[in-house]
Number of protein chains: 2
Amino acid sequence: MNQSSKKPVTLQDVAKHAGVSRATASLIVRNSPKISSETRKKVLKSMEELGYVYDRVAANLRSKSSTTIGIIITDISNTYYSDLLKGVHHTLEEIGYTVLLGVTFDSVEKQDQILSSMIEHRVGGIILCPVSESADETVNRLNKLQIPAILAVRELAGSNCDFVGVDYQAGSQMAVEHLIKKGHKRVAFLGGYRKASTWIERMEGYSLALQQAGIELDGSIVIDSVPTREGGVDAVRQLLSLPNRPTAIFCFSDLVAFGVVQGVREAGLKPGEDIAIMGFDNIPEAEIFYPPLSTVSSFAQLTGKTAANLLHQRITQSEGEKKRIILQPELIVREST
Amino acid sequence: MNQSSKKPVTLQDVAKHAGVSRATASLIVRNSPKISSETRKKVLKSMEELGYVYDRVAANLRSKSSTTIGIIITDISNTYYSDLLKGVHHTLEEIGYTVLLGVTFDSVEKQDQILSSMIEHRVGGIILCPVSESADETVNRLNKLQIPAILAVRELAGSNCDFVGVDYQAGSQMAVEHLIKKGHKRVAFLGGYRKASTWIERMEGYSLALQQAGIELDGSIVIDSVPTREGGVDAVRQLLSLPNRPTAIFCFSDLVAFGVVQGVREAGLKPGEDIAIMGFDNIPEAEIFYPPLSTVSSFAQLTGKTAANLLHQRITQSEGEKKRIILQPELIVREST
DNA sequence: CTGAAAGCGCTTACAG
DNA sequence: CTGAAAGCGCTTACAG
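So, how was this worked out
Residues numbered from 1 in each chain as written. Chains lettered and ligands numbered in written order. Predicted model: local features only at pLDDT ≥ 70, side-chain atom pairs only at ≥ 80, totals over all residues. Heavy atoms only, no water. Contact = heavy atoms within 4.5 Å. Buried area = accessible area lost by both parts, 1.4 Å probe. Salt bridge = Lys/Arg side-chain N within 4 Å of Asp/Glu carboxyl O. Polar contact = N/O pair within 3.5 Å; in protein donor to acceptor, adjacent residues only side chain to side chain. Helix = DSSP H or I, 4+ residues; strand = E, 2+ residues; numbered from the N terminus. Near = heavy atom within 4 Å. Nonpolar A, V, L, I, M, F, W, Y, C, P; charged D, E, K, R; others polar. Buried < 20%, exposed > 50% of the residue type's maximum accessible area, 1.4 Å probe, protein only. Pairing = 2+ DSSP bridges. Right-handed = clockwise from strand over helix to strand, strands pointing away. Phe/Tyr/Trp six-rings, centres within 6.5 Å; stacked < 30°, edge-to-face > 60°. Core = buried A, V, L, I, M, F, W, Y, C linked by side-chain atoms within 4.5 Å. Least-squares fit on C-alpha atoms with pLDDT ≥ 70 in both. pLDDT = per-residue confidence, 0-100. Domains from an automatic or database assignment. Expected span 1.5 Å × (residues − 1). Lys, Arg positive; Asp, Glu negative; His and termini not counted. Axes fitted to C-alpha atoms, helices over the stretch in contact; angles between N-to-C directions.

In the annotation of an unreviewed UniProt entry, the entry for chain A reads Substrate-binding domain-containing protein, and the organism field reads Niallia endozanthoxylica.

(A) Fine view of the interface of chain B and chain A. Each side of the interface is counted separately: chain B has 56 residues, and chain A has 56 residues. Surface buried jointly by chain B and chain A totals about 5,300 Å² across both partners, of which 58% is contributed by carbon and sulfur atoms. Inspection of the chain B/chain A interface yields 8 salt bridges. The closest approach of N and O atoms between R56 of chain B and E120 of chain A, which form a salt bridge, is 2.4 Å. Between chain B and chain A we count 18 residue pairs in polar contact (both at pLDDT 80 or more) in total. Counting only elements with at least two residues in the side of chain B that touches chain A, the list comes to α4 (56–63), α5 (79–95), β2 (98–103), α6 (108–120), α11 (254–266) and α12 (285–288) of chain B. By residue number, the principal contributor to the side of chain B that touches chain A is α5 of chain B, which donates 8 residues.

(B) Highlighting the protein's contact with DNA strand D. Taken together, 24 residues surround DNA strand D, and among them S26 of chain A together with T24, S36, T39 and R62 of chain B come closest. Backbone atoms, meaning sugar and phosphate, make up 72% of the atoms of DNA strand D lying within 4 Å of the protein. One of the side-chain N or O atoms of S21 of chain B is found 3.5 Å from a phosphate oxygen in DNA strand D. Contributing elements (two or more residues each) for the surface near DNA strand D: α2 (22–29) and α4 (56–63) of chain A together with α4 of chain B. The biggest single contributor to the surface near DNA strand D is α4 of chain A, with 4 residues. Each residue belonging to the surface near DNA strand D can be placed in one class, and the counts come to 10 nonpolar, 7 polar and 7 charged.

(C) Examining the environment of N309 of chain A more closely. Residue and element names in this part refer to chain A. Among the secondary structure elements, N309 is positioned in helix α13 (residues 300–317). Spatially, the C-alpha atoms of N309 and I215 are 42 Å apart, while their sequence positions differ by 94 residues. Not counting residues up to four positions away in its chain, the partners in contact with N309 are T91 and I95.

(D) How the structure looks around the pairing of strand β8 (residues 248–251) of chain B. Residue and element names in this part refer to chain B. Here β8 shows a buried face lined by A248 and F250 and a second buried face lined by I249 and C251. Of the strand pairs in this sheet, strand β6 (residues 187–190) and β8 are connected by 4 bridges, and their pairing is parallel. Note on β8: the bridge partner recorded for F189 is F250. A crossover links β8 with its parallel partner strand β9 (residues 276–278), the connecting element being α11, and its sense is right-handed.

(E) Structural context of the environment of C251 of chain B. Residue and element names in this part refer to chain B. Counting through the fold element by element, C251 comes out in strand β8. A C-alpha to C-alpha distance of 9.6 Å links C251 and P227, two positions 24 residues apart in sequence. Every residue in contact with C251, bar those within four places of it in the chain, is listed here: F189, L190, V256, A257, V260, I277, M278, G279 and F280.

(F) Quick peek at the packing of aromatic side chains. Residues and elements named next belong to chain A. Scanning the entire structure with this criterion turns up 15 aromatic pairs over all chains. Ring centres 5.4 Å apart and planes at 40° place the aromatic pair F189 and Y206 in the tilted group. Of this pair, F189 sits in strand β6 (residues 187–190) while Y206 is found in helix α9 (residues 197–212), placing the two residues 17 residues apart along the sequence. When the centroid spacing of 5.3 Å and the interplanar angle of 25° are considered together, the rings of F189 and F250 count as stacked.

(G) Highlighting the nonpolar core. With 148 residues, the main nonpolar core has L101, Y206 and F250 of chain A together with L101, Y206 and F250 of chain B as its most contacted residues. Residue contacts for Y206 of chain B: discarding those within four places in its chain leaves S172, V176, V187, A188, F189, L217, I221, V222 and F250 of chain B. By size, the runner-up hydrophobic cluster in this structure holds 36 residues, among which are V123 and L156 of chain A together with I72 and L128 of chain B.

(H) Local environment of the relation of the copies chain B and chain A. Under the fitted operation, chain B is carried onto chain A by 0.0 Å of movement along the axis and a turn of 180°, and the coordinates agree to an RMSD of 0.1 Å. Here the transformation between the copies is reduced to the relation of a two-fold axis. When each C-alpha of chain B is compared by its distance to the rotation axis, L100 of chain B comes out closest, at 2.3 Å. The residues that chain B uses at the interface reappear at the interface of chain A in 100% of cases, marking a shared surface.

(I) Highlighting the pattern of salt bridges. Counting across every chain of the model gives 24 salt bridges over all chains. Close ionic contact of R314 of chain B with D162 of chain B constitutes a salt bridge, the shortest N to O distance being 2.7 Å. In this pair, R314 of chain B sits in helix α13 (residues 300–317) while D162 of chain B sits in strand β5 (residues 162–166), placing the two residues 152 residues apart along the sequence. A relative accessible area of 10% means that R314 of chain B is categorised as buried. A cluster of three or more residues bridged by salt bridges with shared partners is formed by R229 and E230 of chain A together with E287 of chain B.

(J) Quick peek at the confidence of the model for chain A. With 98% of its residues at a pLDDT of 70 or more, chain A has an overall mean of 92. The model gives residues 1–5 of chain A a pLDDT under 50, and that stretch makes 12 contacts with residues more than four places away or in other chains.

(K) Up close: the protein's contact with DNA strand C. Neighbouring DNA strand C are 25 residues, the closest being T24, S36, T39 and R62 of chain A together with S26 of chain B. When the atoms of DNA strand C within 4 Å of the protein are sorted by group, sugar and phosphate make up 71%. Within the side chain of K64 of chain A, one N or O atom sits 2.8 Å away from a phosphate oxygen of DNA strand C. Between DNA strand C and D55 of chain B, the relevant distance is 3.3 Å, taken from a phosphate oxygen to a main-chain nitrogen or oxygen of the residue. Sorting the residues of the surface near DNA strand C by element identifies α2 and α4 of chain A together with α2 (22–29) and α4 of chain B as the ones contributing at least two each. With 4 residues, the single largest contributor to the surface near DNA strand C is α4 of chain B. Looking at side-chain class alone, the surface near DNA strand C contains 10 nonpolar, 7 polar and 8 charged residues.

(L) Molecular detail of the domain arrangement of chain A. As far as domains go, chain A holds domain 1 (11–54), domain 2 (68–165 + 301–323) and domain 3 (168–297). For domain 1 of chain A and domain 2 of chain A, the distance between their C-alpha centres works out to 37 Å.

(M) Broad picture of helix α8 (residues 168–181) of chain A. Residues and elements named next belong to chain A. Taking 1.5 Å per residue, 14 residues should reach 20 Å; α8 reaches 20 Å between its end C-alpha atoms and fits that length. The element α8 is extensively covered by neighbouring structure, given that 10 of its 14 residues are classed as buried. Those residues of α8 that fall on the buried side of the exposure criterion are Y168, A170, G171, S172, Q173, A175, V176, H178, L179 and I180. Where α8 begins, the side chain of D167 points an oxygen toward the backbone nitrogen of Q169, at a separation of 3.3 Å. Immediately beyond the C-terminal end of α8, within one or two residues, lies G183, with a positive phi of roughly 100°.

(N) Examining the side chain of R334 of chain B more closely. Residue and element names in this part refer to chain B. The topology assignment puts R334 in the segment after β12 (330–332). Although R334 is buried, it forms no salt bridge, and the closest oppositely charged side chain is E287 at an N-O distance of 4.6 Å. Once you skip the residues sitting within four places of it in the chain, R334 turns out to touch N282, A286, E287, P292, L293, S294 and T295.

(O) Expanded view of the sheet that holds strand β1 (residues 68–73) of chain A. In space, the 12 strands of this open sheet follow the order β11(A)-β5(A)-β4(A)-β3(A)-β1(A)-β2(A)-β2(B)-β1(B)-β3(B)-β4(B)-β5(B)-β11(B), with mixed pairing throughout. Of all the strands in the sheet, the pair left with one neighbour each is β11 (324–327) of chain A together with β11 (324–327) of chain B. Averaged over all pairs of adjacent strands, the angle between their axes in this sheet comes to 20°, without regard to strand direction. Relative to β11 of chain A, strand β5 (residues 162–166) of chain A runs parallel, the two sharing 4 bridges. The residue bridging V166 of chain A from the neighbouring strand is L327 of chain A, located in β11 of chain A.

Here it is as structure tokens:
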């Protein structure tokens with residue numbers, strides 16, 4: 001991994017060429033105001049002529065600082081995460097950081113590995129969207145870390161980190177209340193891992209909404225699945241084979257809802273007409289989907305942006321109470337309900 | 001951007017604690033086989049106890065090497081690029097690189113800025129998906145760079161870089177031939193910037209397919225637009241206001257096709273039945289779309305993977321002829337045609 | 001502004 | 001394997 005060819009030009013070379021001291025040249029690359037604009041111009045010209053490139057890595061080493069941030073997500077193909085990444089990346093870059101990307105593909109080992117690699121690369125901070133069954137060990141490592149870390153999307157029990165997330169319970173309640181208001185009395189809840197905190201919170205919102213409407217919860221129409229489109233297809237097939245078919249379905253996520261719509265069609269029913277379907281997340285595809293999907297926005301991009309800003313704050317101000325920022329979701333009504 | 005607290009432990013500290021020399025400790029972190037497993041174990045234990053973290057940045061500085069790679073894309077929300085990114089990231093990480101992410105949002109200035117930042121961070125190589133109107137200056141910088149760089153998706157005139165791309169002409173020809181085989185004699189071509197090389201190549205494929213079928217090209221049903229869903233809506237509105245309506249539409253991209261489907265519906269027509277619609281790229285949404293979209297796969301992930309491997313080769317073997325790898329697209333027939 | 005010195009945490013090269 | 005020295009490219013701290 002070497003690159004050879006001509007010797008790279010250093011600050012020393014620039015200083016010599018411009019006839020100033022190395023210290024002066026150093027002040028100039030760092031935009032110090034203490035330097036007269038004449039000297040600055042002269043030195044900048046030398047840099048230009050010599051083709052100097054600033055070695056930020058060496059600078060960071062000496063000054064014990066860092067201009068990189070690590071962001072770790074579970075899946076890049078999931079538009080929820082690519083949206084969140086967009087939010088993080090955009091605000092971080094604006095502040096002047098360079099971002100290191102890590103993708104865990106929901107593997108705990110990979111997550112630990114990426115964490116190590118980022119720390120060894122001296123990132124100034126980390127934003128972590130944890131794998132669902134993150135080990136206690138991960139939590140411990142995060143806590144022992146000298147580096148500021150923010151958790152996003154999923155909280156980790158026992159971690160002493162700032163957290164940015166979404167109120168899944170409120171969102172689910174909203175969604176189910178919307179369905180009930182539309183006249184539905186039998187509403188299924190499909191998809192997601194039953195043990196995940198993100199499922200449990202949604203389940204609470206679902207129960208609450210039913211309860212407040214005086215509808216009894218029927219466990220047989222709560223069907224879990226892998227949280228993907230395929231999972232949605234499976235779950236809805238199971239559901240539609242049941243005797244007392246519901247008139248509305250609340251799905252764990254938009255991805256699951258896409259599968260559910262497909263399964264409903266396969267059964268010869270018209271999604272949005274014969275049966276109402278509601279998603280969760282409001283990923284970009286929800287809008288272009290047919291029928292356009294009613295859903296609850298969990299503001300992926302805003303989540304990323306918020307996490308990025310919080311991290312920046314943590315880095316610059318260091319101390320202070322750990323924060324917990326919970327975004328309020330928003331009901332998005334389209335044609336599928 | 002400092003982090004204070006306790007003094008971090010260095011290799012020196014580890015060596016002292018384990019009773020070995022610094023040189024030995026250094027050999028151990030680098031997995032040298034020259035060290036007896038007894039010594040290795042002892043030292044690893046000391047590292048564990050002291051909570052040592054290897055400073056890869058300092059190591060890279062001293063050994064004039066790099067373990068990071070920069071990947072620059074134009075848009076993270078576009079699943080074509082997030083797919084490509086997935087391919088790049090996955091293979092690079094497997095080799096042992098850490099990836100720096102840059103997003104240009106199609107701005108030349110941003111692209112230059114990101115390029116600078118990555119170089120200053122001493123990346124070992126760069127994969128660049130260039131902004132469409134990249135300036136000559138960018139090309140010059142790339143050529144002067146001491147760092148291996150690979151161009152992906154779009155080629156840059158005058159650049160002396162390796163390139164990985166897709167045969168857009170062949171893909172378009174395939175698509176239009178498919179439509180003609182289905183019995184369509186009047187096929188529109190909608191969307192994309194007329195001056196972009198990616199448009200011109202598609203146009204060539206389109207013309208060729210018509211020509212070989214003995215169909216005369218009608219310029220009035222070739223309508224350009226911004227290459228987005230909105231652009232597709234605009235273009236198809238314009239098209240449908242024309243007197244002699246075509247029976248099939250070849251779209252610049254899947255994204256454009258999504259807009260075209262929407263516009264067709266708004267006009268009271270049934271996409272896939274009253275009018276055939278064909279996309280390009282085969283982004284993941286094409287499959288879940290309704291109707292499932294016929295398209296041409298441009299293998300985004302494979303493109304990324306190929307670029308990553310080529311870069312790795314370039315970094316390790318350095319010299320040799322510049323390569324140009326053009327992937328052959330594949331026809332994907334679904335229900336929209 | 002300058003100049004000389006020391007140091008960030010590591011690797012390199014070499015004599016033993 | 002060890003040990004002492006030098007150096008990667010920069011910043012820091014200080015006397016002038």
